[in-house]
Amino acid sequence: MNTRIRVINNSNQAVTHVSLFSMKFKDLMPNDTSQYKELNYNQFQDDPLIYCVSNEKNFGRYLKVPDMHVKQYTYVIDSLSNRIIYVSSYEDNSN
């Protein structure tokens, strides 16, 4: 089974054009959570980054790629400042 990832927007700003590992996610309002998506990451083709747009500014940050044995992994947008996304992450064992 492949790893599934999701994004939680825990910041106080709406984010659009959300992309992780070159995979597109839906726009997220504050406190929104995306659905899980199967991680389809190729280190030779995809960026190990999270990108988004907020208030017409681009934000980005390099991310840790989850280990292959992890079933579900969550990335949390904690805040946005100086064009950097501050992100925490954890293995999600709830399901």
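The coordinates are above.
Read on for a plain summary of the structure.

Cut-off values and rules
- Residues numbered from 1 in each chain as written.
- Predicted model: local features only at pLDDT ≥ 70, side-chain atom pairs only at ≥ 80, totals over all residues.
- Heavy atoms only, no water.
- Helix = DSSP H or I, 4+ residues; strand = E, 2+ residues; numbered from the N terminus.
- Rg over C-alpha atoms; globule rule 2.2 N^0.38 Å.
- Buried < 20%, exposed > 50% of the residue type's maximum accessible area, 1.4 Å probe, protein only.
- Contact = heavy atoms within 4.5 Å.
- Areas by Shrake-Rupley, 256 points an atom, 1.4 Å probe, with all protein chains shown as cover.
- Core = buried A, V, L, I, M, F, W, Y, C linked by side-chain atoms within 4.5 Å.
- Pairing = 2+ DSSP bridges.
- Phe/Tyr/Trp six-rings, centres within 6.5 Å; stacked < 30°, edge-to-face > 60°.
- Lys NZ or Arg CZ within 6 Å of the ring centre and 35° of its normal.
- Salt bridge = Lys/Arg side-chain N within 4 Å of Asp/Glu carboxyl O.

**Brief notes about the overall build of the protein chain**
Right, so step 1: What the protein chain contains, in helices and strands, is zero helices and eight strands.
Right, so step 2: Along the chain direction, N to C, the helices and strands of the protein chain fall in the order β-β-β-β-β-β-β-β.
Right, so step 3: Taken over C-alpha atoms, the radius of gyration comes to 12 Å for the protein chain, in line with the 12 Å a tight globule of 95 residues would show.
Right, so step 4: Relative to its full complement of 95 residues, the protein chain shows a buried share of 40%.
Right, so step 5: Summarising the internal contacts of the protein chain: among those between residues at least 6 apart in sequence, 54% fall at separations of at least 24.
Right, so step 6: Roughly 6000 Å² of accessible area belongs to the protein chain as shown, and the carbon and sulfur atoms make up 44% of that amount.

**Points about the nonpolar core**
Right, so step 1: Within the largest apolar cluster, 20 residues are counted, with the highest numbers of intra-cluster contacts made by Ile-5 and Leu-20.
Right, so step 2: For this core, the secondary-structure elements that each account for two or more residues are strand S1 (4–9), strand S2 (16–20), strand S5 (49–54) and strand S7 (72–81).
Right, so step 3: Counting residues per element, this core draws most heavily on S7, at four residues.
Right, so step 4: What Leu-20 contacts, discounting residues up to four positions off in sequence, is Ile-5, Val-7, Phe-25, Leu-49, Ile-50, Leu-63 and Tyr-75.

**Quick look at the side chain of Ser-34**
Right, so step 1: Note on placement: Ser-34 falls in the loop between strand S3 (23–24) and strand S4 (37–38).
Right, so step 2: Of the residues examined, Ser-34 reaches a relative accessible area of 6% and is grouped as buried.
Right, so step 3: The contacts of Ser-34, once residues within four sequence positions are left out, are Arg-6, Val-7, Phe-25, Lys-26 and Leu-28.

**Some remarks on the pairing of strand S8 (residues 84–91)**
Right, so step 1: In the sheet, S7 pairs with S8 via eight bridges, with the strands oriented antiparallel. When the sheet's bridge partners are listed, Ser-79 is paired in S8 with Tyr-86.
Right, so step 2: Linking S7 to S8, which pair antiparallel, is a turn of two residues; within it Asn-82 sits at a positive phi near 50 degrees.

**Brief notes about the packing of aromatic side chains**
Right, so step 1: Going through the model one piece at a time under the given rule, you end up with three aromatic pairs.
Right, so step 2: Between Phe-21 and Tyr-41 the ring centres are 5.3 Å apart and the planes differ by 65 degrees, which places this aromatic pair in the edge-to-face class. Pair noted here: Phe-21 is in the loop between S2 and S3 and Tyr-41 is in the loop between S4 and S5, with a separation of 20 residues, a long-range link.
Right, so step 3: On the accessibility criterion, Tyr-41 (25% relative accessible area) is partly exposed.
Right, so step 4: Through pairs of rings, three or more aromatic residues link up here, namely Phe-21, Tyr-41, Tyr-73 and Tyr-75.
Right, so step 5: The cationic tip of Lys-37 hangs over the ring face of Phe-25; the distance from NZ or CZ to the ring centre is 4.9 Å.

**Notes on the pattern of salt bridges**
Right, so step 1: If you walk through the whole model with that rule in mind, you get one salt bridge.
Right, so step 2: Put simply, Arg-6 and Asp-92 hold a salt bridge, and the shortest N to O gap is 3.1 Å. Of the two residues, Arg-6 sits in strand S1 while Asp-92 sits in the segment after S8, which places them 86 residues apart along the sequence.
Right, so step 3: Classification of Arg-6 as buried rests on a relative accessible area of 16%.

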